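# Per-entry structural report
Listed below, chain by chain, are the residues.
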Amino acid sequence: MRPRLLVENADLQSLSTMATPARARYLVNAGTPEDACQALSWASREGLPVQVVGGGSNLIFCDDFPGLVLHMALRGKRWEAVNGDEATLMLAAGESWHQSVLYVAGAGYRGIENLALIPGTAGAAPVQNIGAYGVELSDSFISLLAWDRQAGEPVTLDREDCRFGYRDSLFKHEPERYLILEIRLRLSRHRPFELGYGELAQWFDGRTPDSPLEVAQAVMTVRRRKLPDPEQLPNTGSFFKNPVVTVAQWEELRDQWPDMVAYPTDGGVKLAAGWLIDQCGWKGYRNRTVGVHHRQALVLINHSGGNGKQVLELARRIRDDVLERYGVLLEMEPGVVPSACGLGSPV
Ligand code: EPU
């Protein structure tokens, strides 16, 4: 039986914040776990490839998709165990991440206020372990409920199972296997605020914020200063990850480029990709359709009806320039759909 809510030859442009044109052979907007699982089983019986989409803020459509696009529109949030200062919150996969941050911070709970204004959905948050201003999702994460497509049954995965890393998780390594249905977070009324990150530290200047909402509002102001709003200027946030190099590589780079911005991290040194791209002269570049944001070189924008191939062509030129000048290979943060359209090997 065909799934409920099946749309044929569906327009995908509004499902990605980069707003590139593409169509899907089939689309299902799933409002319940049953809709989602039924659509998945149908696609598997029909031998169709499946692409799951949340808020679309971390993927680029670069061509038509020959299978089923499953848009996760599941809604719902529930406080599950409220125990003195600590609380557990369940968020359904399709909940807006930013609205959830405001909801939690507004209720006086701390833990995710630094992650305000990150576009996308709760169900997508674990995939790349979203992070900003010194905080990552994994810091508050307890577990998630997913549909295991291989085993054909629901599974609960805890923090360790999810193998979180910098913009990384199990779900990036096994993209076909799990369909995230809901996530669980541990929040607290008294956890210390994380205000060490440069721009937030400057904002509060040693003062203790009154509430998590005040921190979320500061983060929103700081982000709006240099990150474009995808509603006004289509983009997918940071287009590249900040590359991690070995200490030995870093020492060589620093000798040659003493101003290079870098931070020590587990297993090496993390370089600021925005700085590398900026130094190669790309900040503010634009051609007829796509370009690089004028305040943050890490953000590629689709300012005038560009398509996915044009976005990826620009990304490839940037990546190749950075590689040639610094010997550092930038890796894309968003996924590319269909995946065969990726950036390809460097020149
Ligand atoms: N820089 C430049 N030129 C630029 C951009 C940055 O010289 O055009 C320099 C900055 O001056 C700064 C350094 O590079 O010294 C780092 O830049 P920034 O503080 O803006 O942070 P980021 O490393 O570029 C990361 C995340 C952002 C997150 C911010 C704040 C990644 C790939 N990006 O950016 O995440 O909001 O930190 O925590 O880790 C996202 O993932 O979509 C995203 C926006």
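Residues numbered from 1 in each chain as written. Predicted model: local features only at pLDDT ≥ 70, side-chain atom pairs only at ≥ 80, totals over all residues. Heavy atoms only, no water.

### What about the state of the cysteines?
Definition in use: For this text, the term disulfide refers to a pair of cysteine sulfurs within 2.5 Å. A helix here means a DSSP run of H or I that spans at least four residues, while a strand means a run of E at least two residues long, and both kinds are numbered starting from the N terminus.
Summed over all chains, the structure comprises one disulfide. A disulfide bridge connects Cys62 with Cys341, and the sulfur atoms are separated by 2.5 Å. Handedness of the Cys62-Cys341 disulfide follows from its S-S torsion of about 130 degrees: it is right-handed. Note that Cys62 is positioned in the loop between strand E4 (59-61) and strand E5 (65-72) and Cys341 in the segment after strand E19 (335-337), a separation of 279 residues in sequence.

### Let's talk about the side chain of Glu95
This is how the line gets drawn: Contact definition: two residues touch when any of their heavy atoms are within 4.5 Å.
Within the secondary structure, Glu95 sits in the loop between strand E7 (86-92) and helix H2 (97-106). Residues in contact with Glu95, not counting those within four places in the same chain, are Leu74, Arg75, Gly76, Lys77, Ser100, Gly120, Thr121 and Ala122.

### Considering the nonpolar core
To be explicit about the condition: Only buried residues count toward a nonpolar core. Its members are Ala, Val, Leu, Ile, Met, Phe, Trp, Tyr and Cys residues joined through side-chain atoms within 4.5 Å. Each residue is placed in one exposure class: buried if its accessible area under a 1.4 Å probe, protein chains only, is under 20% of its type's maximum, exposed if it is over 50%, and partly exposed if it falls in between.
One finds Trp97, Ile112, Leu115, Leu144, Phe171, Ile183 and Leu185 to be the most contacted residues of the largest nonpolar core, which totals 41 residues. Counting only elements with at least two residues in this core, the list comes to E7, H2, strand E10 (141-148), helix H3 (170-173), strand E12 (178-188), helix H4 (198-204) and helix H5 (212-226). The element best represented in this core is H5, accounting for six residues. Setting aside chain neighbours within four positions, we find Leu115 in contact with Trp97, Val101, Ile130, Gly131, Ala132, Val135, Glu136 and Leu137. Ranked by size, the runner-up nonpolar core spans 36 residues in total, among them Cys62, Cys280, Val292 and Leu312.

### Quick look at the domain arrangement of the chain
Operational definition: Where a domain begins and ends is set by an automatic assignment or by a domain database. In short, buried area is how much 1.4 Å probe accessible area vanishes from two parts on joining, totalled over both. One side-chain nitrogen of Lys or Arg within 4 Å of one carboxyl oxygen of Asp or Glu is enough to make a salt bridge. Polar contacts, as used here, are pairs of N or O atoms within 3.5 Å; protein pairs need one atom able to donate a hydrogen and one able to accept it. Residues neighboring in sequence count only if both atoms are side-chain atoms.
Parsing the chain into structural domains produces domain 1 (6-72), domain 2 (77-225) and domain 3 (228-337). Of note, the centres of domain 1 and domain 3, computed from C-alpha atoms alone, are 28 Å apart. Facing 14 residues of domain 1, the contacting portion of domain 3 comprises 20 residues. Carbon and sulfur atoms supply 62% of the area buried between domain 1 and domain 3, which totals about 1,400 Å² over both sides. Looking only at domain 1, the three residues that lose the most surface to domain 3 are Met18, Ile60 and Cys62, adding up to 45% of its buried area. Counting every contact that joins domain 1 to domain 3 gives one salt bridge. Residue Lys309 pairs with Asp63 through a salt bridge whose shortest N-O separation is 3.6 Å. Connecting domain 1 to domain 3 are seven residue pairs in polar contact (both at pLDDT 80 or more).

### Some remarks on unusual backbone geometry
Looking along the chain, the bond that leaves Val337 and enters Pro338 is cis, with omega of -10 degrees. Looking at the secondary structure, you find Pro338 in the segment after E19. Of note, Asp205 is a non-glycine position whose phi angle comes to about 45 degrees, a positive value. Mapped onto the secondary structure, Asp205 falls in the loop between H4 and H5.

### Examining the pairing of strand E6 (residues 77-83)
This is how it is decided: Here, strands pair whenever DSSP counts at least two bridges between them.
Where E6 meets E7, six bridges bridge the pair, whose relative direction is antiparallel. Across the sheet, residue Ala81 finds its bridge partner in E7, namely Thr88. As consecutive antiparallel partners, E6 and E7 are separated by two residues, and within that stretch Gly84 has a phi angle of approximately 60 degrees, a positive value.

### A closer look at the site of the ligand
Formally: One heavy atom within 4 Å of a molecule or strand makes the whole residue count as near it. Under the convention used here, a 1.4 Å probe and the Shrake-Rupley method define accessible areas, while residue burial counts only the protein chains that appear. Classification used: nonpolar for Ala, Val, Leu, Ile, Met, Phe, Trp, Tyr, Cys and Pro, charged for Asp, Glu, Lys and Arg, polar for all others including Gly.
In the vicinity of the ligand there are 23 residues, among which Tyr133, Tyr166, Tyr197, Lys226 and Asp278 approach most closely. Gln296 is positioned with one of its side-chain polar atoms (N or O) 2.9 Å from an oxygen atom of the ligand. Summarising the interface, the protein chains cover 82% of the accessible area of the ligand, which totals 830 Å² for the free molecule. When contributions to the shell around the ligand are tallied by element, the ones reaching two or more residues are H5, strand E13 (235-238) and helix H7 (273-279). For the shell around the ligand, the class distribution of residues is 12 nonpolar, five polar and six charged.

### With respect to the pairing of strand E11 (residues 153-158)
Bridge count between E10 and E11: six bridges; the pairing is antiparallel. Looking at E11, one finds that Trp147 is bridged to Pro154. In textbook terms, the turn of a hairpin is the stretch between consecutive antiparallel strands, and for E10 and E11 this stretch comprises four residues, one of which, Gly152, has a positive phi near 70 degrees.

### What about the sheet that holds E5?
Heads up, the condition is: Only the stretch in contact is used when a helix axis is fitted, and all axes are lines through C-alpha atoms; the angle between N-to-C directions ranges over 0 to 180 degrees.
In spatial order, the strands read E1-E2-E5-E3; together these four strands make up an open sheet with mixed pairing. On the outer flanks of this sheet lie strand E1 (6-11) and strand E3 (50-53), each paired with one strand and no other. Across the sheet, the mean angle separating the axes of adjacent strands is 35 degrees when strand polarity is ignored. Both E1 and strand E2 (residues 23-30) contribute to a ladder of five bridges, which runs antiparallel. In the strand pairing of E2, Asp11 is matched with Arg23.

### Here's the deal with the packing of aromatic side chains
This is how it is decided: The criterion for an aromatic pair is that two Phe, Tyr or Trp rings (for Trp, the six-membered ring) have centres within 6.5 Å, with stacked assigned to planes under 30 degrees apart, edge-to-face to planes over 60 apart and tilted to the rest. Sitting over a ring, as applied to charges here, requires NZ of Lys or CZ of Arg to be within 6 Å of the ring centre and within 35 degrees of the ring normal.
Scanning all chains against the criterion turns up 10 aromatic pairs. Relative to Tyr103, the ring of Trp79 has its centre 6.0 Å away and its plane inclined at 25 degrees; by these criteria the two rings are stacked. Placement of the pair is Trp79 in strand E6 and Tyr103 in helix H2, with a sequence separation of 24 residues. When the centroid spacing of 5.0 Å and the interplanar angle of 80 degrees are considered together, the rings of Phe141 and Phe164 count as edge-to-face. Highlighted residues: Phe141 in strand E10 and Phe164 in the loop between E11 and H3, separated in sequence by 23 residues. In this pair, the class of Phe141 matches that of Phe164, namely buried. One aromatic cluster is present, built from ring pairs that chain together Trp79, Tyr103 and Tyr109. Cation over ring: Lys77 sits above Tyr103, and NZ or CZ is 4.7 Å from the ring centre. The ring of Tyr109 carries Arg189 above its face, with NZ or CZ at 4.4 Å from the centroid.

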